[in-house]
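So you can see what is in the structure, the chains are spelled out below.
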Amino acid sequence: MNRRGFLRATAGGATVIAAASLLPAGCARDYPQATSDSYSLQSLTDKEYATARAAAEALLVGVPVTAWSVAQAIDRELALVGEPIRSDMKTVLNLIQHATILGGRVSRFTALSPDHRRRYLETWAHSRFELRRAAYQALKGFVVYFAYSQDATRALTGFHGSWPEQHVAIAPHAVDFGEIA
C-alpha cells in the first residue's frame, strides 16, 4: 500500500468510526442481556455484550452453542488479553451496532431479527471498504473461535479432546541434543 492509499484508508476509517459514534441509529438506553443471562461483565459494556450476543445469534445458525455463552467467552477473554485488542474489538462492536444506517437499516443491530442481522453482516463481509471487511472478519473470527472452542461442538468437528482428556499416555524418552557450547 502506498502513502496515498494508507492515508485514504486511515482517514476514511477514522471518519467512519467518528460518524458511527455520532449516529443514534435507534439507540436504546437499556441492554438487559447480561443481566438476563445472570452474568457480571468484565470487559464489555452492556451494549457491547448485547452486540456480541446478537452477532453470535446471527452467525451460529445450527451450531449447538448458545449465543450468551459465546458473548460471555468474548467478554472474559477481552478482559484477559488487554490493550490494544480489547479497544479494537470494542470499536468493532460499536461500529456494527451503530453503523446500520450505512447498510440501509434504520434500526440498531441488536434490534434486527437474526436473519436481518446475518444479511446486514454479509454487507460488511463483501463491502468495497477494507475497514468494513476487516471489522466483519474480526467479529466473525471471535464468534466462531469461541463457539467452536466449546465442548458442545466436538461432534461437529470430530475433535475428541486433548490427550490428557483422552487419557493417552505418552512415554517419556531421552533426547540427545548433542554438545551444548
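### Concerning the pattern of salt bridges
Two side chains bearing opposite charge may form a pair once their charged atoms approach each other closely.
Thought 1: On inspection of all chains with the given rule, the structure shows seven salt bridges.
Thought 2: For the salt bridge of E83 with R86, the shortest nitrogen-to-oxygen distance reads 3.3 Å.
Thought 3: We note a salt bridge from D151 to R154, for which the minimum N-O separation is 3.3 Å.

### Some thoughts on the side chain of T153
Thought 1: Following the sequence through the fold, T153 ends up in the loop between α7 (130-148) and α8 (154-157).
Thought 2: With a relative accessible area of 1%, T153 lands in the buried category.
Thought 3: Polar side-chain contacts of T153 include one of 2.8 Å to the backbone oxygen of Q150.
Thought 4: Not counting the four nearest positions on each side in its chain, T153 is found in contact with V63, P64, V65, A147 and Y148.

### Considerations on the environment of R86
Thought 1: With respect to the helices, strands and loops of the structure, R86 is situated in helix α5 (residues 85-98).
Thought 2: For the pair R86 and L44, spaced 42 residues apart in the sequence, the C-alpha separation amounts to 8.7 Å.

### Concerning unusual backbone geometry
Thought 1: The omega angle of the peptide bond from E83 to P84 is 0°, so this bond is cis rather than trans.
Thought 2: With respect to the helices and strands, P84 occurs in the loop between α4 (67-81) and α5.
Thought 3: Backbone geometry at S38 places phi at a positive 55°, although glycine is not the residue there.
Thought 4: Exposure remark for S38: the relative accessible area of 69% places this residue in the exposed category.

### Describing the side chain of D75
Thought 1: Looking at where D75 falls in the secondary structure, it is placed in helix α4.
Thought 2: The contact partners of D75, leaving out residues within four places of it in the chain, are Y39, S40, L41, Q42, S43 and L44.

### Looking at the environment of A73
Thought 1: In this fold, A73 is placed in helix α4.
Thought 2: Taking relative accessible area as the criterion, A73 reaches 10% and is therefore assigned buried.
Thought 3: Distance in space between the C-alpha atoms of A73 and Y145 is 9.8 Å, their sequence separation being 72 residues.

Rules behind the numbers
Residues numbered from 1 in each chain as written. Predicted model: local features only at pLDDT ≥ 70, side-chain atom pairs only at ≥ 80, totals over all residues. Heavy atoms only, no water. Salt bridge = Lys/Arg side-chain N within 4 Å of Asp/Glu carboxyl O. Helix = DSSP H or I, 4+ residues; strand = E, 2+ residues; numbered from the N terminus. Buried < 20%, exposed > 50% of the residue type's maximum accessible area, 1.4 Å probe, protein only. Polar contact = N/O pair within 3.5 Å; in protein donor to acceptor, adjacent residues only side chain to side chain. Contact = heavy atoms within 4.5 Å.

Interpretation note: all reported values are geometric properties and have no functional meaning in isolation.
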